[in-house]
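# Reading the structure
Each chain is listed here by its residues.
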Amino acid sequence: MPYIQFLGAAGTVTGSKHLVNTTNDSSGKQGFQLLIDCGLFQGQKEWRERNWQDTPVPARELEAVVLTHAHLDHCGWIPRLVKGGFRGTIYATQATIDLCSVVLPDSGHLQEEDAAFYNKKGASKHKPALPLYTLEEAQDCLKYFKPVEVEKTIQLCPELSFRFVRAAHILGSCMAEITLKTNGQARRLLFTGDIGRVRDSQIAPGKVVHSGPQEGESADVLVMESTYGNREHPHTDPRPELAQLVSDTVKRGGSVVVPAFAVERTQKFLFILKALMEAGEIPRVPVYCDSPMAIKAVEIYLQHSEEYTPRAAELIKNYGSPTGWPGFTFALTAEQSKKINDSQFPSIIISSSGMATGGRILHHLAQRLPDPRNLVLFIGFQAPGTRGASIKEGAHEVKIFGEFIPIRAQVAALEQFSDHADPPEMLQWLHTFTSQPGMTYLVHGEPQAASQLRDLMKKELGWNVEIAEYMERVDVR
Ligand SMILES: [Zn+2]
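Because the structure is predicted, anything quoted here is derived from the model rather than measured.

## Looking at the nonpolar core
Soluble globular proteins tend to pack their nonpolar side chains together in the buried interior. By size, the foremost hydrophobic cluster in this structure holds 78 residues, and its most contacted members are Phe-145 and Leu-377. Judged by nonpolar contacts, the second largest core, of 31 residues, contains Leu-34, Phe-164, Ala-176 and Leu-180.

## Structural notes on the pattern of salt bridges
Scanning the model with the defined rule gives 18 salt bridges in all. For the salt bridge of Arg-163 with Glu-177, the shortest nitrogen-to-oxygen distance reads 2.7 Å. With Arg-163 in strand 8 (residues 160-166) and Glu-177 in strand 9 (residues 174-182), the pair connects residues that are 14 residues apart, well separated along the chain. A relative accessible area of 4% places Glu-177 in the buried class. Put simply, Arg-477 and Asp-475 hold a salt bridge, and the shortest N to O gap is 3.8 Å.

## Observations concerning the coordination of the zinc ion
Within the first shell, the zinc ion binds the protein through His-69 (NE2), His-71 (ND1), His-169 (NE2) and Asp-194 (OD), at distances of 2.2 to 2.3 Å. Coordination at the zinc ion is irregular: its four donor atoms span angles of 91 to 162 degrees at the metal. Of note, the zinc ion draws all its donor residues from one chain, in the sequence arrangement H-x1-H-x97-H-x24-D. Of this pair, His-71 sits in the loop between strand 4 (64-66) and helix 2 (72-75) while His-169 is found in the loop between strand 8 and strand 9, placing the two residues 98 residues apart along the sequence. Exposure remark for His-169: the relative accessible area of 1% places this residue in the buried category.

## Some words on the state of the cysteines
If you walk through the whole model with that rule in mind, you get zero disulfides. Unpaired in this structure, Cys-75 has its nearest cysteine sulfur neighbour in Cys-100, at a distance of 3.9 Å. Cys-141 takes part in no disulfide bond, and the closest cysteine sulfur, belonging to Cys-100, lies 7.9 Å away. With relative accessibility at 0%, the residue Cys-141 sits in the buried group.

## Let's talk about the packing of aromatic side chains
Applying the stated criterion to the full structure yields 14 aromatic pairs. Aromatic side chains Trp-429 and Phe-433 sit 5.1 Å apart centroid to centroid with 80 degrees between the ring planes, which places their arrangement in the edge-to-face category. Take Trp-429 and Phe-433: they sit in the same class, and that class is buried. Seen from their ring centres, Phe-433 and Trp-463 are 5.4 Å apart, and the 55 degrees between their planes marks the pair as tilted. Pair noted here: Phe-433 is in the loop between helix 13 (423-430) and strand 20 (439-443) and Trp-463 is in the loop between helix 14 (447-461) and strand 21 (465-467), with a separation of 30 residues, a long-range link.

## What to know about the side chain of Asn-341
Note that Asn-341 resides in helix 10 (residues 334-342). Judged by its relative accessible area of 15%, Asn-341 is buried. Leaving out residues up to four positions away in the same chain, Asn-341 has contacts with His-363, His-364, Gln-367 and Arg-368.

## Quick look at the pairing of strand 3 (residues 33-36)
Within a regular strand, the side chains alternate between the two sheet faces. Burial of strand 3 is two-sided: the residues Gln-33 and Leu-35 facing one way and the residues Leu-34 and Ile-36 facing the other way are all buried. Relative to strand 3, strand 2 (residues 17-21) runs antiparallel, the two being bridged by four bridges. Counted as the bridge partner of Leu-19 is Leu-35 from strand 3.

Criteria and thresholds
- Each chain carries its own residue numbering, running from 1 in the direction its sequence is written.
- With pLDDT at 70 or above as the cut-off, local features in this predicted model cover only qualifying residues; side-chain atom pairs require 80 or more to be listed or tallied, and sums for whole chains, interfaces and linings still use all residues.
- Computation of side-chain values covers all heavy atoms of the structure but excludes hydrogens and water.
- Nine residue types can take part in a nonpolar core, namely buried Ala, Val, Leu, Ile, Met, Phe, Trp, Tyr and Cys, and a core is a set of them joined through side-chain atoms within 4.5 Å.
- Burial here depends on accessible area, computed with a 1.4 Å probe over protein chains only, as a share of the maximum for the residue type. Under 20% is buried, over 50% is exposed, and the range in between is partly exposed.
- Within this document, salt bridges are pairs made up of a side-chain nitrogen of Lys or Arg and a carboxyl oxygen of Asp or Glu, the two lying within 4 Å of each other.
- Think of it this way: any DSSP run of H or I at least four residues long counts as a helix, any run of E at least two long counts as a strand, and we number them from the N terminus.
- Ligating atoms shown are N, O and S within 2.8 Å of the metal, or 3.2 Å for Na, K and Ca, and water is not included, meaning a site may look less than complete.
- All geometry calls rest on donor angles, where a four-donor set with angles between 85 and 135 degrees is tetrahedral, four- and six-donor sets with opposite donors more than 155 degrees apart and all others between 65 and 115 are square planar and octahedral, and all else is irregular.
- Two cysteine sulfur atoms make up a disulfide if the distance between them is within 2.5 Å.
- Working definition: a ring pair exists when centres of Phe, Tyr or Trp rings (six-membered ring for Trp) sit within 6.5 Å. Plane angles under 30 degrees give stacked, over 60 give edge-to-face, the rest tilted.
- Contact criterion: two residues are considered in contact whenever any of their non-hydrogen atoms come within 4.5 Å of each other.
- Strand pairing is defined by DSSP finding a minimum of two bridges between the two strands.

Now the structure itself:
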């Protein structure tokens, strides 16, 4: 009996990794072994430590990875998989591959920096602390990627084929429709990856990419994300609120610090700031985009204009590439990044990582959090256990580089920028299914979010829905 095993993003929102095995031989010596996504665990230590565990089927026995999109919690474990002996093919859209070519080496670089930092401070239990993988190892794994066109069927082996359909989440993102043929029976497995906003684009303004998710789907087994399973996004336009927050901060002489994911969220936020500035709704203060990766991602976005929303296309048409906008500074080098710290005048600083788990944002937070004139603005999901989550929840201090930093700055959050569908949006899409899936497994959600979504789907749709558990194996009947 073929099975699916949930190797990550089960009970949590990170570490997406689902094994499809065409036989029940868990040694991997028989049948075809396919991974859907290969993400990094982030957040709480309990989860992060799982990044060091091997896959239950040895990496060298895995034949292929189908990658839904380029966020680290979906692709960031690929270098480790390759390091562990994987020599198969990693299928992804061209835009996803382009993004991975900057996201993965950057992740390797951060892993090396972290290890070096812990070694210097002697703060690790492991002596010496080692990176999960290096920049070089991350670069090396790119040679296993193979571009796949959206909606084109790829035959992996006699039993397995797949095609990508749009997911509307980030540039290049797709869902994976898998067809599994064994014992004369064909079954369709749909892995959603992350699902983008479905409804009216007015409530998700600034969106750079648009298409998807595809209506009229069907599946025997649906494996679906549940990040926002227990929360609805505000249905208001965030732009007036954003304009007010920025104007108030500038008026009191403070700066706005925005932790933002380098891919998609940063671009989206830059687009919104530009539009608000041009409309005279926020003051023209310097905007610093302090993330080399975000800059590279901007360039990749410009190469994939086929995915733009009309609004994004219009902005680019009117004002050109964001890297050339007057007043917008893109800090590539560490020197340029440090210079931002010296600036005493009001400014807007957008930097990564989005959950303040690492990267240059830490320097900006350490510098700006103690001053009540400043504003720290969250525009993305903060996984429990991350620094971002504790700042957002109102902590009085936060540990950065081993030191406790007092939090006196204003802290605010705008939830409308999410690239994840909320329950009404998910239901709207699920209602378009042509038939009821035999079984739905919810992944990529905190336990509360997943259970609330399960209850809602049972009530509204009458579907069989279960919450996937970490390392759980389910037969595909
Ligand atoms: Zn994602």
